[in-house]
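Residue strings, one per chain:
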Amino acid sequence: MADTGGGSLPRLGPGAGASASGRGLARRRRRRWVRCTAFGIAALVVAAAGAGWAVYAKLSGNITPDEAAAAELARYEKERPTSLVRDARNVLLIGSDSREGDDNARYGRDSGTERSDTTILLHLSAGRSSATAVSLPRDLMVELPGCRRPDGSRSAPRFAMFNQAFALGGSACTIRTVEKLTDVRVDHHVVVDFHGFKEMVDAVDGVEVCLREPVDDRAAKLRLPAGRVTLNGEQALGYVRARKSLGDGSDTERMERQQRFLGALVNKVRSNDVLLNPVKLYPVLDAATSSLTTDPDLASLRGLYELVRGLRDIPMEQVQFLTVPRESYAYDANRDQLVEPEAEKLFERLRKDSPVVVAGDVPHGSAPLRPTESRDGSYGDPYPGPFTKTVVTVSPPPTFRGNTAAEDTCE
């Protein structure tokens, strides 16, 4: 027993914490383990952040910013329409028929110019409760403004087919033409070529469509059986571009086929949990961003995310597709012209962010239907009696010919 008298401290035996094998060593080991573990976790976080940043930088770097279009539009800012509804957005989607590049050259000779093979004005409602995609016919006769050509010269204003705007002055000329035609402010634009379209379809492992009869189209390089068919990228491109072997051969029918395909693509992305699965999402984003030329504000993942973050919550019934009311041009049956005042009614609803309703049984080129309209055009009856009083009711929105992403093309 150690002497504790005289206020001296007790001697510590071999089992005490100060020994090489006691609790002090154990505490030091625990502290070293905690420090090492913390360092390891920190290293993993830094590595993950670095990898995440590398992925982000790669995907953002894939997108080509359309600086030339931005400069041209800024030149004409004073004559452009203004946005009427805050947070509503209008995005012009342009499908280019460029043959530039090895993969696109297989679809025809590269003439050094490109036209808009498909143009869609996509309206995203404020609050993102609905999305309405309006196809603009490539053969629509419109007033083209004077535009800056690729060589720096300027074209004179002219009356011509709509798709000549892209050939004359690229996306800026197309945007100015659309704004002049609709008085709708185009907030953003996206240009995608043939190769990019195919890559997108392949990235989601194909898109299912329904064919009522077999297809054998040599011009479109398309041979498919009837019934439900899952199209790969190459087949999908032929399907949306075919003119002679599907439907009645008209551009209107082709646009409706494109709309149904886009609806099926939206459904595939939503139903396959692509948006919530990083493993599935990365190849889709890589394919999409690699093929895009956009306005500078969208030319990054952050810009795209800010635009589309609310879209995944839109019900499929509210993702709508339609073609602007059109009919054969009076002086050339192979060209189109707007049906008025129906087209203006549609444009006004887009400008004001008002509801647009579509249905598949509305005849082509007809006036939009009002479901409760009576034959004499009245919406209320006067009360009987010595004093006449008209019942004022709010008329429902007009119905345009179109479809939604919720529709099954096989039913």
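Note: the structure precedes this text.
Residues numbered from 1 in each chain as written. Predicted model: local features only at pLDDT ≥ 70, side-chain atom pairs only at ≥ 80, totals over all residues. Heavy atoms only, no water.

> What should I look at first to understand the state of the cysteines in this one?
Formally, a disulfide is one covalent bond, and it connects the sulfur atom of one cysteine to the sulfur atom of another. Throughout the structure, instances matching the rule amount to 1 disulfide. What pairs with Cys147 in a disulfide is Cys173, and their sulfur atoms sit 2.1 Å apart. One quick way to see it: the torsion about the S-S bond of Cys147 and Cys173 is about 70 degrees, and its sign makes the bridge right-handed. Of the two residues, Cys147 is situated in the loop between β5 (141-144) and β6 (158-161) and Cys173 in helix α4 (residues 164-182); the sequence distance between them amounts to 26 residues. Note on accessibility: Cys147 and Cys173 belong to one class, buried. (Disulfide = S-S within 2.5 Å. Helix = DSSP H or I, 4+ residues; strand = E, 2+ residues; numbered from the N terminus. Buried < 20%, exposed > 50% of the residue type's maximum accessible area, 1.4 Å probe, protein only.)

> Can you help me understand unusual backbone geometry in this one?
Most peptide bonds take the trans configuration, and most residues that are not glycine carry a negative phi. A cis amide bond links Glu340 to the next residue, Pro341, at an omega of 10 degrees. Within the element layout of this structure, Pro341 appears in the loop between β15 (332-338) and α10 (342-352). With a phi close to 65 degrees, Asp205 is a non-glycine residue in the positive phi region. Structurally, the position occupied by Asp205 is in the loop between α5 (194-203) and β8 (207-211). The exposed category is assigned to Asp205, whose relative accessible area is 63%. Non-glycine residue Asp353 carries a positive phi angle of around 60 degrees.

> What's the story with the packing of aromatic side chains in this structure? I'm lost.
How two aromatic rings sit relative to each other is set out by the distance from centre to centre and by the angle between their planes. Under the criterion given, the structure shown has 4 aromatic pairs. Between Phe197 and Phe261, the aromatic rings sit 5.7 Å apart at their centres with planes inclined by 45 degrees, giving tilted as the arrangement. Of this pair, Phe197 sits in helix α5 while Phe261 sits in helix α7 (residues 251-271), and the two are 64 residues apart along the sequence. Across the pair, Phe261 and Phe197 agree in class, each one buried. (Phe/Tyr/Trp six-rings, centres within 6.5 Å; stacked < 30°, edge-to-face > 60°.)

> Sorry if this is basic, but what is going on with the packing of α5 against helix α6 (residues 233-241) here?
When two helices pack together, you describe them by how their axes are tilted relative to each other and by the distance separating the axes. One can describe the packing of α5 onto α6 by two numbers: an axis separation of 8 Å at closest approach and a directional angle of 120 degrees. Judged by the inter-axis angle, α5 sits oblique to α6. As α5 runs across α6, the sense of the crossing is right-handed. Within the contact between the two elements, α5 uses Phe194, Phe197, Lys198, Val201 and Asp202 and α6 uses Gly233, Glu234, Ala236, Leu237, Val240 and Arg241. Residue composition of the contact of α5 with α6, grouped by class: 6 nonpolar, 1 polar and 4 charged. (Axes fitted to C-alpha atoms, helices over the stretch in contact; angles between N-to-C directions. Parallel < 35°, antiparallel > 145°, perpendicular 65-115°, else oblique. Left-handed = near helix turned anticlockwise from the far one by under 90°. Contact = heavy atoms within 4.5 Å. Nonpolar A, V, L, I, M, F, W, Y, C, P; charged D, E, K, R; others polar.)

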